[in-house]
Amino acid sequence: MSDAPQQIVTVYAVFASDEEAARIARILIDERLTACVNILGPCRSLYRWDGRIEDATEVAALFKTAAEQAEALIGRLAELHSYDLPAAAIWPISAATPGYAKWVLDETRPS
Amino acid sequence: MSDAPQQIVTVYAVFASDEEAARIARILIDERLTACVNILGPCRSLYRWDGRIEDATEVAALFKTAAEQAEALIGRLAELHSYDLPAAAIWPISAATPGYAKWVLDETRPS
Amino acid sequence: MSDAPQQIVTVYAVFASDEEAARIARILIDERLTACVNILGPCRSLYRWDGRIEDATEVAALFKTAAEQAEALIGRLAELHSYDLPAAAIWPISAATPGYAKWVLDETRPS
């Protein structure tokens, strides 16, 4: 049986640049709000803003953390982010590889 | 507390090309079925088809929308898609950054 | 109504290289533990290891499978993976495009 179902989650967020994503990732790892971050690289973002459809380049990233830390993570991420309205969403995880969930929980336990 | 838990979702889909992903994204934004789309770029897709494992290039994209609009979104996406059997899946979101969920809900409310 | 809500899931995992991701993907498709795999390409991974924040390149991939097969999939993936502690997480799917969920279920039914 895989361990710790629903005890860890993934947080998906987009950033203005790779540099911003890595800078914020380091702070959140340092503050034990996330165990690891996969910066997926540049993505093409389309969205309506002021009545026009914008076509911009952003950088997508995935954060793995304890379910209990997820709200603090997205709150802190929003503080550090360059946007007025940063986009971060919490995706539930139903199970994970044996030992991995434990590692994420250990890495995000307040020291 | 982050706002609007479970009121918004992510839809993951793959397309034949960046051009197709962007074309369909624009239509779905225009029709207020999605608030924003992150086209993640080319991905290498492996799958069995007629007994052989195919190794093709597709383009992955993430759509953010209201939970209530998600079924209409994937239905319309399937109509617009070049494949006979397009792959689109709805991933639940348990919470999002303050204000972001409200923006997604506002952008996908029928005008 | 989209078909087979909650009967299929997505599994997210990261690998040491594109070659490893594709090799493991082929075995898991062959063994009918997954229907298709989208290898998203290189990602920049940051994580704490032995007290330092590592900044490495990995490859992210998404596996689509039956909910019933997901635990067997992540167990087998862990066996095949080059890491001692591979990271694979099961993301629930609440609904999918008509016919797609059926195809995934058919492709992952033990032959």
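Parameters at a glance
- Residues numbered from 1 in each chain as written.
- Chains lettered and ligands numbered in written order.
- Predicted model: local features only at pLDDT ≥ 70, side-chain atom pairs only at ≥ 80, totals over all residues.
- Heavy atoms only, no water.
- UniProt positions renumbered as here; feature names shortened; annotations may be inferred.
- Phe/Tyr/Trp six-rings, centres within 6.5 Å; stacked < 30°, edge-to-face > 60°.
- Buried < 20%, exposed > 50% of the residue type's maximum accessible area, 1.4 Å probe, protein only.
- Helix = DSSP H or I, 4+ residues; strand = E, 2+ residues; numbered from the N terminus.
- Polar contact = N/O pair within 3.5 Å; in protein donor to acceptor, adjacent residues only side chain to side chain.
- Contact = heavy atoms within 4.5 Å.
- Least-squares fit on C-alpha atoms with pLDDT ≥ 70 in both.
- Buried area = accessible area lost by both parts, 1.4 Å probe.
- Salt bridge = Lys/Arg side-chain N within 4 Å of Asp/Glu carboxyl O.
- Pairing = 2+ DSSP bridges.

The name recorded for chain A in an unreviewed UniProt entry is Divalent-cation tolerance protein CutA, from Allosphingosinicella deserti. Note on chain A: under the UniProt heading Sequence similarities (unreviewed entry), the record states "Belongs to the CutA family."

K.L.:
Mind laying out the packing of aromatic side chains, listing which residues take part and the relevant values?
P.N.:
One pass over the structure, following the stated rule, counts 18 aromatic pairs over all chains. Between A:Y47 and A:W49, the ring centres sit 6.4 Å apart and the planes meet at 80°, which makes this aromatic pair edge-to-face. For A:W49, a relative accessible area of 42% puts it in the partly exposed group. Chaining the aromatic ring pairs together yields one cluster made of A:Y12, A:W91, B:Y12, B:W91, C:Y12 and C:W91.

K.L.:
Report on the side chain of A:E20, specifying residues and quantitative values.
P.N.:
Residues and elements named next belong to chain A. In this fold, E20 is placed in helix α1 (residues 18-30). Looking at E20, its side chain comes within polar contact range of the main-chain nitrogen of A16, at 2.9 Å. If we skip the residues at most four places from it in the chain, E20 touches F15, H81 and S82.

K.L.:
Go over the relation of the copies chain B and chain C, please, and point to the residues and values.
P.N.:
You can overlay chain B on chain C at an RMSD of 0.0 Å; the transform is a turn of 120° with a shift of 0.0 Å along its axis. Overall, the copies show the geometry of a three-fold rotation axis.

K.L.:
Outline unusual backbone geometry, supporting the account with residue identities and numerical values.
P.N.:
One non-glycine residue, B:R32, lies in the positive phi region at around 60°. For B:R32, the location among the structural elements is in the loop between α1 (18-30) and β2 (36-49). A residue is classified by how much of its surface remains accessible, and B:R32, at 17% relative accessible area, is buried. Backbone geometry places C:D50, a non-glycine residue, at a positive phi of 55°. Tracing the sequence through the fold places C:D50 in the loop between β2 (36-49) and β3 (52-66).

K.L.:
Give a detailed account of the interface of chain B and chain C, specifying residues and quantitative values.
P.N.:
Taken together, the 25 residues of chain B in the interface contact 30 residues of chain C. Together, the buried faces of chain B and chain C total about 2300 Å²; carbon and sulfur atoms form 58% of this surface. Three residues stand out in chain B for area buried against chain C, namely B:R44, B:L46 and B:R48, and they jointly supply 29% of the buried area on that side. Linking chain B to chain C there are three salt bridges.

K.L.:
How would you explain the pairing of strand β2 (residues 36-49) of chain A if you had to name every residue and give the values?
P.N.:
Of all 14 residues making up β2(A), ten are buried, and the element is well covered by its neighbours. Direction of pairing for β2(A) relative to strand β3 (residues 52-66) of chain A: antiparallel, over a ladder of 13 bridges. Paired with A:Y47 across the strands is A:E54, a residue of β3(A). Between the antiparallel neighbours β2(A) and β3(A) lie two residues, among them A:D50 with a positive phi of about 55°. Of the strand pairs in this sheet, β2(A) and β2(C) are connected by four bridges, and their pairing is antiparallel.

K.L.:
Please provide a residue-by-residue account of the side chain of C:T97, values included.
P.N.:
On the secondary structure map, C:T97 appears in the loop between β5 (95-96) and α3 (100-107). Here B:P86 takes part through its backbone oxygen, which lies 2.8 Å from a polar atom of the side chain of C:T97.

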